[in-house]
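Chain and residue survey
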Amino acid sequence: MAEKTRFKGEILGKEITITAAESQAHMKAVFELANQQLDQMKQLAPKLSDDQLLTLLAINALSDQLKMQAEKDHAE
């Protein structure tokens, strides 16, 4: 089992702490990508609340995950 470490990051200007088995560099990249995508969504739909933006981000991430899994399954 991989060792878990605490990581502090910022999403939509709010600091959060999570525990993850990934490296600090990986988690930093995750937070940066999330914030980039949230900024893009905010520009496209400025009236959405932070909660709505975060929900859309989660749905988009899960959709991408399912697409990648389907492509992987199809390739095998």
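Our structure is the block above this text.
Our subject in this report is the structure included herewith. (Residues numbered from 1 in each chain as written. Predicted model: local features only at pLDDT ≥ 70, side-chain atom pairs only at ≥ 80, totals over all residues. Heavy atoms only, no water.)

Some thoughts on the overall build of the protein chain
When you go through the protein chain residue by residue, the secondary structure sums to 2 helices and 2 strands. For the protein chain, whose C-alpha radius of gyration is 15 Å, the value lies well above the compact-globule estimate of 11 Å for 76 residues. When the backbone C-alpha atoms are referred to their principal axes, the protein chain occupies close to 45 × 35 × 15 Å. By residue count, 16% of the 76 residues in the protein chain fall in the buried class. Taking all contacts inside the protein chain whose residues are at least 6 apart in sequence as the whole, residues at least 24 apart take part in 18%. As displayed, the protein chain has an accessible area near 6,300 Å², and 56% of this comes from carbon and sulfur atoms. Mean positive and mean negative side-chain charge positions of the protein chain (9 and 12 charges, respectively) differ by 5 Å. (Helix = DSSP H or I, 4+ residues; strand = E, 2+ residues; numbered from the N terminus. Rg over C-alpha atoms; globule rule 2.2 N^0.38 Å. Buried < 20%, exposed > 50% of the residue type's maximum accessible area, 1.4 Å probe, protein only. Contact = heavy atoms within 4.5 Å. Areas by Shrake-Rupley, 256 points an atom, 1.4 Å probe, with all protein chains shown as cover. Lys, Arg positive; Asp, Glu negative; His and termini not counted. Charge placed at Lys NZ, Arg CZ, Asp CG, Glu CD.)

A short note on the pairing of strand S2 (residues 14-20)
Pairing of strand S1 (residues 5-11) with S2, which is carried by 7 bridges, proceeds in the antiparallel orientation. Paired with Arg-6 across the strands is Thr-19, a residue of S2. Counting the residues in the hairpin turn of S1 and S2 gives 2 residues, including Leu-12, whose phi is positive at 50°. (Pairing = 2+ DSSP bridges.)

Looking at helix H1 (residues 24-44)
With 21 residues, H1 ought to run about 30 Å at 1.5 Å a step, and its terminal C-alpha atoms sit 30 Å apart, in line with that. Those residues of H1 not exposed but buried are Met-27, Phe-31, Ala-34, Leu-38 and Met-41. Buried residues of H1, viewed axially, fall in a sector of 95°; they line one side. The exposed set on the far side of H1, more than 90 degrees from its buried face, consists of Ala-25, Gln-40, Gln-43 and Leu-44. (Expected span 1.5 Å × (residues − 1). Arc of directions from axis to C-beta.)

Points about the nonpolar core
Core analysis: the biggest nonpolar cluster contains 11 residues, these being Phe-7, Ile-11, Leu-12, Ala-20, Met-27, Phe-31, Ala-34, Leu-38, Met-41, Leu-53 and Leu-57. Put simply, the parts of the chain that give this core at least two residues each are S1, H1 and helix H2 (50-75). In terms of residue count, H1 provides more of this core than any other element does, 5 residues in total. Among all residues touching Met-27, those that are not within four sequence positions of it are Phe-7, Ile-18, Ala-20 and Glu-22. (Core = buried A, V, L, I, M, F, W, Y, C linked by side-chain atoms within 4.5 Å.)

Nothing here speaks to function; it is all geometry.
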